[in-house]
Amino acid sequence: MVRADRVCKNYGALQVLRGITLEIPRGQVLCLIGPSGSGKSTFLRCINHLERVDAGRLYVDGELVGYAERGGKLHELSPRAAAKQRRDIGMVFQHFNLFPHRTVLDNIVEAPVLVKKVPRAKAVAQARELLDRVGLSSKADAYPVQLSGGQQQRVAIARALAMEPKLMLFDEPTSALDPELVGEVLGVMKELARDGMTMVVVTHEMGFAREVADQLVFMDGGVVVEAGNPRELLANPRQERTRAFLSKLL
Ligand code: ADP
Ligand code: MG
């Protein structure tokens, strides 16, 4: 579903991604860990068209992200074509970014109706199903401010799912939550994984990574330092940098 081949990204002289190579097969979950500033968010943002890759190739579902290749040369996609690619990718951020002046239901219905032109009644029915799935059936008419952080994040997940994405990106989805609310969000994500969603999750919840991820990737300084099966990697990190990072987490 995702293939990164020596992906590089610079901000001016700052090399943030220095050749990221990895693959995520369809239906699998990859957890991405690494110190602050190592480029994790930038990598997700490249997948989601929020940043442009400067070198290397990035593919989602076999399609080059943001570019078309013709005669061996890369051409930037038109905004319209890029928007079409992006529509299939859901993203959930640390801060939930719900529309504060809309109800929970309207938050979820908005994108399918406006972007995908789904008839409103159908979008509402789908939104209610999604709310049920994230355990918030009773909150359809509430406003975000009336919900806990964990509930808001579950609405944000439902909102992303409403676009029927083929790939979900999570950037530290539980970092802003009070500890007692983390579990309910991870629970929803775990079920999503069980249902076969392809997911990239930046998280420092190692219990989740151990239980749910197919791959665990440790990034530092814009490169993949170490990657592998989460249980093996956590039990037996091969690289000193990985060991040092993990010892600080525990
Ligand atoms: P992480 O998510 O692993 O903490 P980021 O991807 O957010 O790391 O950031 C990686 C590096 O890129 C940091 O040094 C950060 O300051 C820098 N950076 C991120 N976004 C920008 C930007 N828009 N302009 C300039 N520098 C940026
Ligand atoms: Mg980040």
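Residues numbered from 1 in each chain as written. Chains lettered and ligands numbered in written order. Predicted model: local features only at pLDDT ≥ 70, side-chain atom pairs only at ≥ 80, totals over all residues. Heavy atoms only, no water.

## Describing the overall build of the protein
For the protein, the helix and strand inventory stands at 9 helices and 12 strands. Taking 250 residues into account, the globule formula puts the C-alpha radius of gyration at 18 Å, and the protein, at 18 Å, falls close to it. With respect to the principal axes defined by its C-alpha atoms, the protein has extents near 50 × 50 × 30 Å. Within the protein, buried positions represent 50% of all 250 residues. Looking at the protein alone, contacts between residues at least 24 apart form 62% of all its contacts between residues at least 6 apart. About 12200 Å² of surface is accessible on the protein, with carbon and sulfur atoms providing 47% of the total. Counting 34 positive and 29 negative side-chain charges, the protein places the averaged centre of each group 5 Å from the other. (Helix = DSSP H or I, 4+ residues; strand = E, 2+ residues; numbered from the N terminus. Rg over C-alpha atoms; globule rule 2.2 N^0.38 Å. Buried < 20%, exposed > 50% of the residue type's maximum accessible area, 1.4 Å probe, protein only. Contact = heavy atoms within 4.5 Å. Areas by Shrake-Rupley, 256 points an atom, 1.4 Å probe, with all protein chains shown as cover. Lys, Arg positive; Asp, Glu negative; His and termini not counted. Charge placed at Lys NZ, Arg CZ, Asp CG, Glu CD.)

## Quick notes on the site of ligand 1
Around ligand 1, the neighbouring residues are Tyr-11, Leu-14, Val-16, Pro-35, Ser-36, Gly-37, Ser-38, Gly-39, Lys-40, Ser-41 and Thr-42. Within the side chain of Thr-42, an N or O atom sits 2.5 Å from an oxygen atom of ligand 1. Relative to its unbound accessible area of 560 Å², ligand 1 is 59% covered by the protein chains. At the level of secondary structure, the elements contributing two or more residues to the shell around ligand 1 comprise β2 (14-24) and α1 (40-47). Residue contributions to the shell around ligand 1 peak at 3 residues, all from α1. The residue inventory of the shell around ligand 1, partitioned by class, reads 4 nonpolar, 6 polar and 1 charged. (Near = heavy atom within 4 Å. Polar contact = N/O pair within 3.5 Å; in protein donor to acceptor, adjacent residues only side chain to side chain. Nonpolar A, V, L, I, M, F, W, Y, C, P; charged D, E, K, R; others polar.)

## A short note on the packing of aromatic side chains
A full pass over the atoms with the stated rule returns 1 aromatic pair. Relative to Phe-245, the ring of Phe-218 has its centre 5.2 Å away and its plane inclined at 35°; by these criteria the two rings are tilted. Remark: Phe-245 occurs in helix α9 (residues 240-249) and Phe-218 occurs in strand β11 (residues 215-220); sequence separation between them is 27 residues. Under the relative-accessibility criterion, Phe-218 is labelled buried at 1%. The side chain of Arg-102 reaches across the aromatic face of Phe-99, ending 5.2 Å from its centre. The ring of Phe-99 has Arg-159 sitting right over it, with the charged end atom 5.6 Å from the ring centre. (Phe/Tyr/Trp six-rings, centres within 6.5 Å; stacked < 30°, edge-to-face > 60°. Lys NZ or Arg CZ within 6 Å of the ring centre and 35° of its normal.)

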